[in-house]
Amino acid sequence: EAHHALTAGLHVLLFSDNVPLAEEIELKQRATELGLLVMGPGAGTAVLAGTGLGFANVLRRGPVAVVAAAGTGAQEVSALLDRWGVGVSQVIGVGGRDLSAEVGGRMAAAAVRALDADPATQAILIVSKPPDPAVARLVLGQCAGTPAVAVFLGVTDLDRPAGTGVARTLEAGAIAAAQLAGGAPPDPARGLADRAARAAARLPEQRRVIRGFYSGGTLCYEAQLIISGLLGPVYSNEPLVHGNTVPAPPGSHVLLDLGAEEYTVGRPHPMIDPQSRIEVLRAQAREPGVAVVLLDVVLGHGSHPDPAGQLAPVLTEIMADGGPQVVAYVLGSASDPQDYQRQRATLEAAGCLVPETAARAAYLAAAIAARKPELAERRD
């Protein structure tokens, strides 16, 4: 079907996984020859000319364009730009393998070239898990006249063209892109140390580890990056460090991507139906050593109409009688159909701490687990 669409002169969104690498390369080479985009495979989101595709937030139009090889990474930075009053011109998802050496960044480079020529785009924000270094430089080099910043999660020491920057976290990347476009984003860390101190004070001494139960794979990856840098090794079904897989050694920090294939075979993705995540939470969240339960709540078209309402009762159960503190991050825009402020209020009423960014949720979780409140306001 993708071949037929390209032949007809159409851009293609490939939401599906399990597309062979050789076929992805073939499709993207053909798209390059035709001057078209293949967004995917595994492109979870795109917003083109204000129209959302896949899991998409309702975003105000603005001067920052996003090119992403990470679905919830794209949603996170674009939702932050929306909430900070900056807005986006386009969000182009290119699929998680696009910046690999094999695929060569074909679609990311094409997207950046198009956005560099777009008069409505004043800054470009590129988001990806660790890319091939040569491909990353190639993609950044497509910005001839438009300032750009990249978030290559896990990579900061990168030879890059002049006029481009690299940020460590999605939060930092969104702040930098907003500033490039003339915005004045708020400080998402302010005041969190006091909240971390109060939460830590109520925990029994033996509760020291973090358990994360994510629906967004990129957010899980970012949290591993932050927490491992502060507290040491983190284990996951989608590990940041090769070898740090589950099952983990006793007493370890564990962050799970519950949107990964092993959790969704024959079941809806947890962004669509929270029930599978609720089952895992009830089974694992109240283990005796757990200090913090960390999770995301992703809003927008395609997601459950009231995810916070579904999760709040079980989160209240988890925190009861000396149980762990829940830190929940709401990824959404001001205009999403679930009502961003109502989702936050529901979680706060249940006793959750709800910070302003996904990165800040990870910093806050580390601060509580380590009994070091100052970590909640750390700025890398």
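Residues numbered from 1 in each chain as written. Predicted model: local features only at pLDDT ≥ 70, side-chain atom pairs only at ≥ 80, totals over all residues. Heavy atoms only, no water.

Draft legend 1. Representation of the overall build of the protein chain. When you go through the protein chain residue by residue, the secondary structure sums to 13 helices and 14 strands. In summary, the protein chain has a C-alpha radius of gyration of 20 Å against a globular reference of 21 Å for 380 residues, a match within 12%. Projecting the C-alpha coordinates of the protein chain onto the three principal axes gives extents of approximately 60 × 45 × 40 Å. By the burial criterion, 58% of the 380 residues in the protein chain qualify as buried. Approximately 14,400 Å² of the protein chain is accessible, and the part contributed by carbon and sulfur atoms is 52%. Side chains of the protein chain give 30 positive and 38 negative charges; the mean places of these two sets differ by 6 Å. (Helix = DSSP H or I, 4+ residues; strand = E, 2+ residues; numbered from the N terminus. Rg over C-alpha atoms; globule rule 2.2 N^0.38 Å. Buried < 20%, exposed > 50% of the residue type's maximum accessible area, 1.4 Å probe, protein only. Areas by Shrake-Rupley, 256 points an atom, 1.4 Å probe, with all protein chains shown as cover. Lys, Arg positive; Asp, Glu negative; His and termini not counted. Charge placed at Lys NZ, Arg CZ, Asp CG, Glu CD.)

Draft legend 2. Looking closely at the pairing of strand β5 (residues 61-68). Taken across its 8 residues, β5 has 7 buried, putting it largely inside the fold. Note: β5 against strand β6 (residues 88-93), 5 bridges, orientation parallel. Note that in β6 the partner of V66 across the bridge is V91. As for the winding sense of the linkage, the β-α-β connection from β5 through helix α3 (residues 71-83) to β6 is right-handed. Of the pairings in the sheet, the one linking β5 to strand β7 (residues 123-128) comprises 5 bridges and is parallel in character. Following the sheet pairing, A68 is matched in β7 by V127. (Pairing = 2+ DSSP bridges. Right-handed = clockwise from strand over helix to strand, strands pointing away.)

Draft legend 3. Geometry of the packing of helix α8 (residues 217-231) against helix α13 (residues 358-370). As a packed pair, α8 and α13 sit with axes 9 Å apart at the nearest point and diverge in direction by 35 degrees. Crossing of α8 over α13 shows right-handed handedness. Contacts between α8 and α13 involve L219, E222, A223, I226, I227, L230 and L231 from the first element and A358, A359, A362, Y363, A366, A369 and A370 from the second. (Axes fitted to C-alpha atoms, helices over the stretch in contact; angles between N-to-C directions. Left-handed = near helix turned anticlockwise from the far one by under 90°. Contact = heavy atoms within 4.5 Å.)

Draft legend 4. A look at the pairing of strand β10 (residues 209-214). Most of β10 is tucked away, with 6 of its 6 residues classed as buried. Of the two faces of β10, the one lined by V209, R211 and F213 and the one lined by I210, G212 and Y214 are each fully buried. Here 5 bridges tie β10 to strand β13 (residues 290-298), and the two strands are oriented parallel to one another. Pairing of R211 across the sheet is with V293, part of β13.

Draft legend 5. Representation of helix α5 (residues 133-140) within the structure. Taken together, the buried positions of α5 are V135, A136, V139 and L140. For α5, the buried positions fall inside an angular range of 135 degrees around the axis, keeping them on one side. Tucked into the core, α5 has its buried residues touching α4 (106-116), β7, β8 (148-152) and β9 (164-167). At the N-terminal boundary of α5, the capping side chain belongs to D132, with an oxygen 3.1 Å from the backbone nitrogen of A134. (Arc of directions from axis to C-beta. Polar contact = N/O pair within 3.5 Å; in protein donor to acceptor, adjacent residues only side chain to side chain.)

Draft legend 6. Structural detail: a negative patch on the surface. Taken together, the side chains of D17, E238, E261 and E262 define an acidic patch exposed on the protein surface. Looking at the secondary structure, you find E262 in helix α9 (residues 261-264). What makes E262 partly exposed here is its relative accessible area of 48%. (Patch = residues over 30% accessible without salt bridge, like charges linked within 9 Å, V, L, I, M, F, W, Y side chains within 5 Å. Salt bridge = Lys/Arg side-chain N within 4 Å of Asp/Glu carboxyl O.)

Draft legend 7. Quick look at the pattern of salt bridges. Inspection of the entire model under this criterion finds 16 salt bridges. For R97, the salt bridge is made with E24, and the minimal N-O distance between the two is 2.7 Å. Highlighted residues: R97 in the loop between β6 and α4 and E24 in helix α2 (residues 21-34), separated in sequence by 73 residues. A relative accessible area of 1% means that E24 is categorised as buried. Note that D306 and R342 form a salt bridge whose closest N and O atoms lie 3.7 Å from each other. One end of the pair, D306, is in the loop between β13 and α11 (307-319); the other, R342, is in helix α12 (residues 340-349), with 36 residues separating them in the sequence. Among the charged side chains, a network of salt bridges with common partners joins E24, K28, R97 and D98.

Draft legend 8. Spotlight on the sheet that holds strand β12 (residues 253-257). The 5 strands lie next to each other as β11-β12-β10-β13-β14, forming an open sheet whose pairing is parallel. Only two strands of the sheet have a single partner each, and these edge strands are β11 (234-235) and β14 (325-331). Here β13 pairs with β14 via 7 bridges, running parallel. By the bridge assignment for β14, V293 is matched with V326. Along the sheet face, α3 touches β13 and β14 and points at about 80 degrees away from the line of β14.

Interpretation in functional terms is not warranted from these geometric data alone.
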